[in-house]
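Fold and contact review
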Amino acid sequence: LSGAYDYRLEPALDAKPGDFVVAPLGVNEYVGVVWGEASGEVAESRLKLVAERLDCPPLPEELRRFVDWVAAYTLSPPGAVLRMCMSVSAALDPPAGRIAYALSGDKPTRMTAARQRVLNVLADGPPRSIADIAEAAAAGPGVVRGLLEAGALKAVELPADMAYPAPQHGRPGPELSPDQSAAAARLREAVRSGAFSVTLLEGVTGAGKTEVYFEAVAAALAQGRQVLVLLPEIALSAQWLDRFEQRFGVRPVEWHSELRSTERRRAWRAVAEGGAHVVVGARSALFLPFPALGLIVVDEEHDASFKQEDGVIYNARDMAVVRASLAKIPALLVSATPSLETIANVEQGRYARLHLPERHARAAMPEIAAIDMRASPPPRGHWLSAPLHDALAETLTAGEQALLFLNRRGYAPLTLCGACGHRLECPNCSAWLVEHRLARRLQCHHCGHAMALPKTCPSCGAEDRLRACGPGVERLAEEIAASFPDARTAVMASDTLAGPRAAADLVAQVANHEIDLLIGTQIVAKGHHFPMLTLVGVVDADLGLSGGDLRAAERTYQLLTQVSGRAGRAERPGRVLLQTFSPEHPVMHALVSGDRDGFIAAEMQARRDTAMPPFGRLAALIVSGANLGSVQRVARDLGQHSPRGEGITVLGPAPAPLSLLRGRHRMRLLLKMQRGANIQQVLREWLAPIKVPNDVRLAVDVDPYSFL
């Protein structure tokens, strides 16, 4: 909905702003939220009655203002933003009592290994549901039901929801260095002040930033306040969760898409009732109904995955600062490689800055060197240069671990015909199909389309002439297996991990030195701590520098710095080897020389000279639809009515780099304005007269991160 509707309210319902109610809309009834006094624009005789008020904690006033703010900033319907706040409809009703199962004391007449595992699980723990028992015992639900029918289990009625245990904020944390202690003291002071502030906690990789901001978390908990921690890859954060449990005695409440619906309902309700003391989640956790929020932490604040690209398009880092402002609480941004936007805010005095210049426990930063692939090319059909191959051999011989980083999933990014040159592409997207040899399929990484590798070329009909071109992590693993057959090797990529448990198991295997060599995409760069990992090899350091993206150099520097930071985090020194065809590139020079400040200054000046963010404003308009003609007509109409004036530039319309995505044709326009300009007002006036047919979608992306 584009705004609130007027209704009549019977006094007996006693509904107040923020209450969840059921009200008629058209011929159906829907759940909505009381937003405030009626507008008075509709005659009372025409008003429909609110049907009922739900037994649910109200949506906090601060969150309702946040919904309005996000809707206005992103040019989204307020109803679309509100929907993210009430994403678990089952949580709006009081939870019903639940049935669990425990041991009855009777032994089954027939015993199997699976049945014994079930009995062992229940002997060591509380009553559980059939699904939970089956999962914990690695047995099928039928095994559990069989024991129930045999009388070995009994049903037990439990309270509707088990309360989440409260973190023990008074537990002592690890001993901090002087720099860490000073930063922690500043953060505790910010939390206790009860005022809005934004602080950047910056430090080299391995500096112990997490332990420092845990002190701020403890200070908020001591005040009886709730805490929200946003992580870019919550499903892959097993080590973070372990560290939290070591510090506070319990696990935090998790919020991410991998949770089962019952877990999401329980978590949402606990947040709304104040029983979820610390929530760690993905970007959507920002819209949970905290009644007593006292601190927001955005870890790895530079990470592009905080930007939502579908539906309501927003950057969770920036919106976290807004929510903290509305709630009058501190926001903490954490990163070893802060975004240029955050650095600019620090330089302009909007954000405070705390810096940790050294690694924890005096571990040394890794030595970084570039391998010029023009001078040291790998053998034909191979991807590792001789210097990197030799370094791997030396590391493995010493009993240490190595990491090979290549930000390409699958076996090969391109398959083409050796006879006619035809490239296999997705029928739904302007993208090549990626070969996944382990799964025996070709797959599009944009829409998910998959197919078996054909025996003949679809273009010329030639048999057995389709060839894989370029390396992915699977192909790299194949080369490693041939060169180092005795090395225990694993691949870590988003499509090789079947959920959070698989990710946690793999991280634990690496940490326990059950794996010698890890091959991974960008998810290996996300804060993992492997004490025996001393060598990082970046197979294609130039990969992210092409394509003309505004942030290409910044992102590449951040990603390579993060992945380099996995090396030498304990007593043993680490080294990083970057395979590059452009060792003279400013990114490579900055990484090898350690001149971070020089690189940032140069990037800032380049952005300043072109009035690009953070020194200018951008908004993208993306027109998409199944009918190319309709898309072109709307894009042309937008171009003809584009705003004019001093300090306003409109680029396009032009086909998007991904001109076909999930079966929809796409065209883009880009609005560029001066910093401080009211870009939303210009967009509203621009879009107001534009007629968009039902078969075309017009998306507005204020502050775009992706230019595809």
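Residues numbered from 1 in each chain as written. Predicted model: local features only at pLDDT ≥ 70, side-chain atom pairs only at ≥ 80, totals over all residues. Heavy atoms only, no water.

**Examining the overall build of the chain**
What the chain contains, in helices and strands, is 19 helices and 29 strands. For a compact globule of 708 residues, the expected C-alpha radius of gyration is about 27 Å, and the chain comes in at 28 Å, within 12% of that figure. Expressed along its principal axes, the backbone C-alpha trace of the chain runs to roughly 80 × 80 × 65 Å. Counting the 708 residues in the chain, one finds 49% classified as buried. Residue pairs at least 24 apart in sequence account for 76% of intrachain contacts in the chain once pairs closer than 6 positions are excluded. For the chain, the exposed area adds up to about 32100 Å²; of that, 51% sits on carbon and sulfur atoms. Taken as two groups, the 76 positive and 77 negative side-chain charges of the chain have centres that lie 3 Å from each other. (Helix = DSSP H or I, 4+ residues; strand = E, 2+ residues; numbered from the N terminus. Rg over C-alpha atoms; globule rule 2.2 N^0.38 Å. Buried < 20%, exposed > 50% of the residue type's maximum accessible area, 1.4 Å probe, protein only. Contact = heavy atoms within 4.5 Å. Areas by Shrake-Rupley, 256 points an atom, 1.4 Å probe, with all protein chains shown as cover. Lys, Arg positive; Asp, Glu negative; His and termini not counted. Charge placed at Lys NZ, Arg CZ, Asp CG, Glu CD.)

**Concerning the packing of aromatic side chains**
Each aromatic ring pair is described using two quantities: the centre-to-centre distance and the angle formed by the ring planes. Evaluation of the coordinates by the stated rule reveals 11 aromatic pairs. Judged by centre distance (5.6 Å) and plane angle (20 degrees), the rings of Trp240 and Phe244 are stacked. Here Trp240 and its partner Phe244 are both found in helix 8 (residues 238–248), 4 residues apart, which amounts to about one turn of the helix. Here Trp240 and Phe244 have matching classes, each one buried. With a centroid separation of 5.3 Å and 80 degrees between ring planes, the pair formed by Phe287 and Tyr314 is classed as edge-to-face. Taken together, the residues span a long stretch of sequence, with Phe287 in the loop between strand 9 (278–281) and strand 10 (293–299) and Tyr314 in strand 12 (residues 314–315) at a distance of 27 residues. Tyr314 sits in the buried class, given a relative accessible area of 2%. An aromatic cluster is built from Tyr213, Phe214, Trp240, Phe244 and Phe248, whose rings are joined through pairwise contacts. (Phe/Tyr/Trp six-rings, centres within 6.5 Å; stacked < 30°, edge-to-face > 60°.)

**Some words on helix 5 (residues 141–149)**
Here helix 5 has its buried residues at Val144, Gly146 and Leu147. One side of helix 5 carries all its buried residues, which in axial view fall inside an arc of 160 degrees. As for helix 5, its buried residues are in contact with helix 3 (113–123), helix 4 (130–137) and strand 5 (153–158). (Arc of directions from axis to C-beta.)

**Notes on empty space enclosed by the protein**
According to the stated counting rule, one finds 5 cavities of 30 Å³ or more in the structure shown. Put simply, the largest cavity is a space of about 70 Å³. Looking at the lining of the largest cavity, the elements with two or more residues in it are helix 15 (552–564) and helix 17 (596–610). Classifying every residue of the lining of the largest cavity by side-chain character gives 6 nonpolar, 2 polar and 2 charged. The space that makes up the second largest cavity amounts to roughly 60 Å³. Residue lining of the second largest cavity: Tyr73, Thr74, Ile313, Tyr314, Asn315, Asp318, Met319, Val702 and Asp703, and that is the complete set. Looking at the lining of the second largest cavity residue by residue, the class counts come to 5 nonpolar, 2 polar and 2 charged. (1 Å grid on protein atoms, 1.4 Å probe; cavity = no way out; pocket = protein on both sides within 12 Å on 5 of 7 lines; lining within 4 Å. Points joined across faces, edges and corners; volume = space filled by probe spheres on them. Nonpolar A, V, L, I, M, F, W, Y, C, P; charged D, E, K, R; others polar.)

**Things to note about the pattern of salt bridges**
As enumerated under the stated definition, the model contains 28 salt bridges in all. Residue Glu62 pairs with Arg323 through a salt bridge whose shortest N-O separation is 2.6 Å. You can see Glu62 sitting in helix 1 (residues 61–74) and its partner Arg323 sitting in helix 10 (residues 316–327), a full 261 residues away along the chain. For the pair shown, Glu62 and Arg323 are each scored as buried. Between Glu202 and Arg596 there is a salt bridge; the shortest N-O distance is 2.2 Å. Remark: Arg596 occurs in helix 17 and Glu202 occurs in strand 6 (residues 197–203); sequence separation between them is 394 residues. Residue classification places Glu202 among the buried positions, given a relative accessible area of 4%. Each of Glu202, Arg353, Arg596 and Asp597 takes part in a single network of salt bridges with overlapping partners. (Salt bridge = Lys/Arg side-chain N within 4 Å of Asp/Glu carboxyl O.)

**Side note on the packing of helix 11 (residues 340–347) against helix 17**
Two elements in contact, helix 11 and helix 17, have axes whose closest approach is 11 Å; the angle formed by their N-to-C orientations is 90 degrees. By the angle class used here, helix 11 and helix 17 are roughly perpendicular. Residues Leu340, Glu341, Ile343, Ala344 and Glu347 of helix 11 touch helix 17, and the partners they reach there are Arg596, Ile600, Glu603, Met604 and Arg607. Its residues assigned to classes, the contact of helix 11 with helix 17 comprises 5 nonpolar, no polar and 5 charged. (Axes fitted to C-alpha atoms, helices over the stretch in contact; angles between N-to-C directions. Parallel < 35°, antiparallel > 145°, perpendicular 65-115°, else oblique.)

**Focus: a nonpolar patch on the surface**
Taken together, the side chains of Leu1, Tyr5, Leu25 and Tyr30 define a hydrophobic patch exposed on the protein surface, amounting to about 420 Å² of accessible area. Residue position: Tyr5 is located in the segment before strand 1 (20–25). (Patch = residues over 30% accessible without salt bridge, like charges linked within 9 Å, V, L, I, M, F, W, Y side chains within 5 Å.)

**Comments concerning the environment of Ala490**
Structurally, Ala490 can be placed in strand 22 (residues 489–492). Expressed as a C-alpha distance, the spacing of Ala490 and Cys85, which sit 405 residues apart in the sequence, is 39 Å.

**A look at the pairing of strand 1**
Burial within strand 1 is extensive, with 5 of its 6 residues counted as buried. The pairing of strand 1 with strand 2 (residues 28–33) spans 6 bridges and is classified as antiparallel. Paired with Leu25 across the two strands is Asn28, which belongs to strand 2. What sits between the antiparallel neighbours strand 1 and strand 2 is a turn of 2 residues, in which Gly26 has the positive phi angle 70 degrees. When strand 1 meets strand 3 (residues 52–53), the two strands line up antiparallel, connected through 2 bridges. The residue of strand 3 that forms the bridge with Val22 is Glu52. (Pairing = 2+ DSSP bridges.)

**Topic: helix 2 (residues 78–85)**
Those residues of helix 2 not exposed but buried are Val81, Leu82, Met84 and Cys85. Looking straight down helix 2, one finds its buried side chains confined to an arc of 150 degrees; they lie on one side. In this structure, the buried residues of helix 2 make contact with strand 2, helix 1, helix 9 (261–273), strand 11 (307–308) and strand 12.

**Topic: the nonpolar core**
Counting residues in each nonpolar core, the largest one holds 77 residues, and the members touching the most others are Trp268 and Leu286. Of all the elements, helix 10 adds the most residues to this core, at 7 residues. Not counting residues up to four positions away in its chain, the partners in contact with Trp268 are Phe20, Cys56, Cys85, Met86, Val88, Ala91, Leu92, Trp255, Leu288 and Pro289. Judged by nonpolar contacts, the second largest core, of 38 residues, contains Phe405, Val563, Val587 and Leu591. (Core = buried A, V, L, I, M, F, W, Y, C linked by side-chain atoms within 4.5 Å.)

**Details of the layout of surface pockets**
Its volume calculated, the second largest pocket comes out at about 1800 Å³. Lining the second largest pocket we find 44 residues, and of these Asp132, Leu259, Arg260, Glu263 and Arg266 sit closest to its centre. Counting only elements with at least two residues in the lining of the second largest pocket, the list comes to strand 4 (98–103), helix 4, helix 8, strand 8 (253–255), helix 9 and helix 14 (500–511). The dominant element in the lining of the second largest pocket, judged by the number of residues it contributes, is helix 9, at 5 residues. In the lining of the second largest pocket, the residues fall into 26 nonpolar, 4 polar and 14 charged.

**Some words on unusual backbone geometry**
Comment: phi is negative for the bulk of residues other than glycine, and the bulk of peptide bonds are trans. In this structure, Pro614 follows Pro613 across a cis peptide bond, with omega equal to 10 degrees. With respect to the helices and strands, the residue Pro614 is situated in the loop between helix 17 and strand 26 (616–625). The step from Gly652 to Pro653 runs through a cis peptide bond, and the omega angle for that step is 10 degrees. By the element assignment, Pro653 lies in strand 27 (residues 648–661). Here the phi dihedral of Asp464 falls at roughly 55 degrees; this positive angle occurs in a residue that is not glycine.

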